[in-house]
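Structural overview for review
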Amino acid sequence: MSADLHRPLSTSAMAGAGAGVCGDPLAPPAGANRLLVTGGGRGIGAATVRLAAQHGWDVAINYAQRHDDAERLADEVRALGRRAFTVQADVADEAQVIAMFEAVDRAFGGLDGLVNNAGVVDVNARLDEMGGARLRRMVDINLMGTLYCAREAVRRLSTRHGGAGGAIVNLSSVAARLGSPGSYVDYAAAKAAVDTLSIGLAREVAAEGVRVNAVRPGIIDTEIHASGGQPDRVARVAASLPMQRAGVAEEVAQAVVWLLSPAASYTSGAVLDVSGAR
Ligand code: NAP
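Conventions used here
Residues numbered from 1 in each chain as written. Predicted model: local features only at pLDDT ≥ 70, side-chain atom pairs only at ≥ 80, totals over all residues. Helix = DSSP H or I, 4+ residues; strand = E, 2+ residues; numbered from the N terminus. Expected span 1.5 Å × (residues − 1). Buried ≥ 20, exposed ≤ 12 C-beta atoms within 10 Å, placed from the backbone. Pairing = 2+ DSSP bridges. Axes fitted to C-alpha atoms, helices over the stretch in contact; angles between N-to-C directions. Contact = placed C-beta atoms within 7 Å. Parallel < 35°, antiparallel > 145°, perpendicular 65-115°, else oblique. Left-handed = near helix turned anticlockwise from the far one by under 90°. Nonpolar A, V, L, I, M, F, W, Y, C, P; charged D, E, K, R; others polar.

Our next topic: helix α3 (residues 43–54). The terminal C-alpha atoms of α3 lie 17 Å apart, and with 12 residues this matches the ideal 16 Å at 1.5 Å per residue to within 8%. The element α3 is extensively covered by neighbouring structure, given that 11 of its 12 residues are classed as buried. Taken as a whole, α3 has its buried residues at Gly 43, Ile 44, Gly 45, Ala 46, Ala 47, Thr 48, Val 49, Arg 50, Leu 51, Ala 52 and Ala 53. Two residues or fewer past α3, Gly 56 is found with a positive phi of approximately 110°.

Below, the structure is given as structure tokens:
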């Protein structure tokens, strides 16, 4: 079993012994710092890539379409002295996911962490107004993509497969518990399945050196709202949120990078709300 990722974190570890680089409790275990972030080129994924690199992770940045965003971010990561490369893949396509993990194997010689961040919403609608293609797309990207990537990660991280352990963090949404009536119950249902997957997979691989957790963001100021036809959503709803503001991607990244780190060594199967009390 991997050692570092499951070793109880002692006070001395927090102070530096075994907690990664230079006593940084958010640093990956020494020699186990290869991370893949899906949808890593912008939004919450990009904030996660930046923060992870600042704490010592080498990062493979997956993107679907926005090649230039991903390349610019990879340059930022390299400027921090970390390894980075970009890999195009549609996470809803099983063959592309397999090829993406093989590309990570070739570039990094292995994998120690996965952030299943790629996700999409669609325009506000009731279920009885949604077409089949939309429903399929919501499930394929938000749920099937997470399942394919988590499976490929377990095949590399688990001691059952000769791996050295590692951590998986899945991006869910508070929609999973609110249900998003009148907006996107399809998305909400897919994210609820991501929560369940995170709990079940965590238990499945707990004795194999792999931790699995989910993060449920609330309303975060990214382009996802414009992609759902509501570019003004954050400004419109901010005052009605419990903290009277939306969150920013960096606030979600803090939770993700903590869950990846040895500081979260006994946290697995958790679903962590980062939603400003929403
Ligand atoms: P975003 O700004 O819209 O970025 C989405 C990212 O996912 C992009 O990097 C995009 O790649 C990638 N992506 C989309 N479809 C993909 C596919 N089929 N294969 C691979 N990558 C794909 O979204 P975000 O707000 O950062 O959201 C990130 C995650 O947090 C999502 O899972 C989302 O559901 C979740 N979340 C967000 C909020 C929020 O309020 N922002 C709230 C709750 C949950 P390209 O750049 O190449 O297009």
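Structure shown, so let's carry the discussion forward.
In space, the seven strands of this open sheet follow the order β3-β2-β1-β4-β5-β6-β7, with parallel pairing throughout. Two strands close off the open sheet at either side, each with one partner strand: β3 (84–88) and β7 (271–274). Direction aside, the axes of adjacent strands within the sheet are offset by 20° on average. Two elements, strand β2 (residues 58–63) and β3, share five bridges in a ladder whose sense is parallel. Across the sheet, the residue bridging to Ala 60 is Phe 85, located in β3. Running at roughly 170° to strand β6 (residues 210–217), helix α11 (residues 249–260) makes contact with β4 (113–116), β5 (166–171), β6 and β7 of the sheet.

Moving on to the packing of α3 against helix α4 (residues 67–79). Any two packed helices are characterised by how steeply their axes cross, that is the angle between the axes, and by the distance between the axes. It is the contact of α3 with α4, at a shortest axis distance of 9 Å, that shows an interaxial angle of 15°. Regarding the angle of α3 to α4, the classification is roughly parallel. Crossing angle aside, the handedness with which α3 passes α4 is right-handed. On the side of α3, the interface is formed by Ala 46, Val 49, Arg 50 and Ala 53, while α4 contributes Leu 73, Glu 76 and Val 77. Of the residues contributing to the contact of α3 with α4, the split by class is five nonpolar, no polar and two charged.

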